[in-house]
Amino acid sequence: MEDTLFSILEDITGTEEVRDNPDVDLFEEGLMDSLATVQLLVEIEGQLGVQVPVSEFDRTQWNTPNKIIEQVKALQD
């Protein structure tokens with residue numbers, strides 16, 4: 001699951017930095033914006049079968065690759 005998430009993030013951000021530095025702030029570094037966020041949620045649902053309601057998306061809880069992994073794991077349980 002983690003490798004899939006890293007692959008999704010690499011595709012969306014266009015950089016391997018997300019895998020090299022999993023604590024990078026994706027929004028502060030300009031690697032993701034609101035459109036990329038929607039794309040991320042669609043890919044998570046499509047590739048992992050995990051639904052993330054946009055209304056429950058809190059950017060501060062999804063701003064690094066490590067936090068994204070934590071959130072997806074929590075939603076899978």
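The protein is annotated in an unreviewed UniProt entry as D-alanyl carrier protein of Candidatus Enterococcus murrayae. UniProt's Subcellular location (unreviewed entry) comment on the protein is quoted here verbatim: "Cytoplasm".

It is worth spelling out helix α4 (residues 65-76) at this point. When the terminal C-alpha atoms of α4 are compared, their 17 Å separation across 12 residues agrees well with the 16 Å that a helix rising 1.5 Å per residue should span. Buried within α4 we find Pro-65, Ile-68, Ile-69 and Val-72. Looking straight down α4, one finds its buried side chains confined to an arc of 100 degrees; they lie on one side. Residues of α4 that are buried sit in contact with α1 (2-13), α2 (17-20) and α3 (34-48).

Within this structure's numbering, the places UniProt gives as "modified residue: O-(pantetheine 4'-phosphoryl)serine" (unreviewed entry) are Ser-34. For Ser-34, a relative accessible area of 59% puts it in the exposed group.

Our focus in this paragraph is a negative patch on the surface. On the surface, Glu-16, Glu-17, Asp-20, Glu-28 and Glu-29 cluster together to form a negatively charged patch. Tracing the sequence through the fold places Asp-20 in helix α2.

Rules used throughout
Sequence order as written defines residue numbering, which begins from 1 separately in each chain. Totals for whole chains, interfaces and linings use all residues, but because this is a predicted model, local features are given only for residues with pLDDT of at least 70 and pairs of side-chain atoms are given and counted only at 80 or more. The side-chain quantities take in all heavy atoms of the structure and omit both hydrogens and water. UniProt positions are given in the numbering used here, feature names are shortened, and annotations may be inferred rather than shown by experiment. Runs of E in the DSSP output that reach at least two residues are strands. Runs of H or I that reach at least four are helices, and both are numbered from the N terminus. Multiply 1.5 Å by the residue count of a helix minus one, and that product is the helix's expected span. Only protein chains enter the area calculation, which uses a 1.4 Å probe; residues under 20% of their type maximum are buried, those over 50% are exposed, and those in between are partly exposed. Directions from the helix axis toward the C-beta atoms define the arc. Between two residues, a contact is recorded if the distance between any of their heavy atoms is within 4.5 Å. Only residues whose relative accessible area exceeds 30% and that form no salt bridge are eligible for patches; like-charged ones are grouped when within 9 Å, while nonpolar side chains (Val, Leu, Ile, Met, Phe, Trp, Tyr) are grouped when within 5 Å. In short, Shrake-Rupley with a 1.4 Å probe defines the accessible areas, and a residue's cover is counted only from the protein chains shown. For salt bridges, the criterion is a side-chain nitrogen of Lys or Arg within 4 Å of an Asp or Glu carboxyl oxygen. Under the convention used here, Asp and Glu are negative, Lys and Arg are positive, and both His and the chain ends fall outside the count. Each charge is placed at NZ for Lys, CZ for Arg, CG for Asp and CD for Glu.

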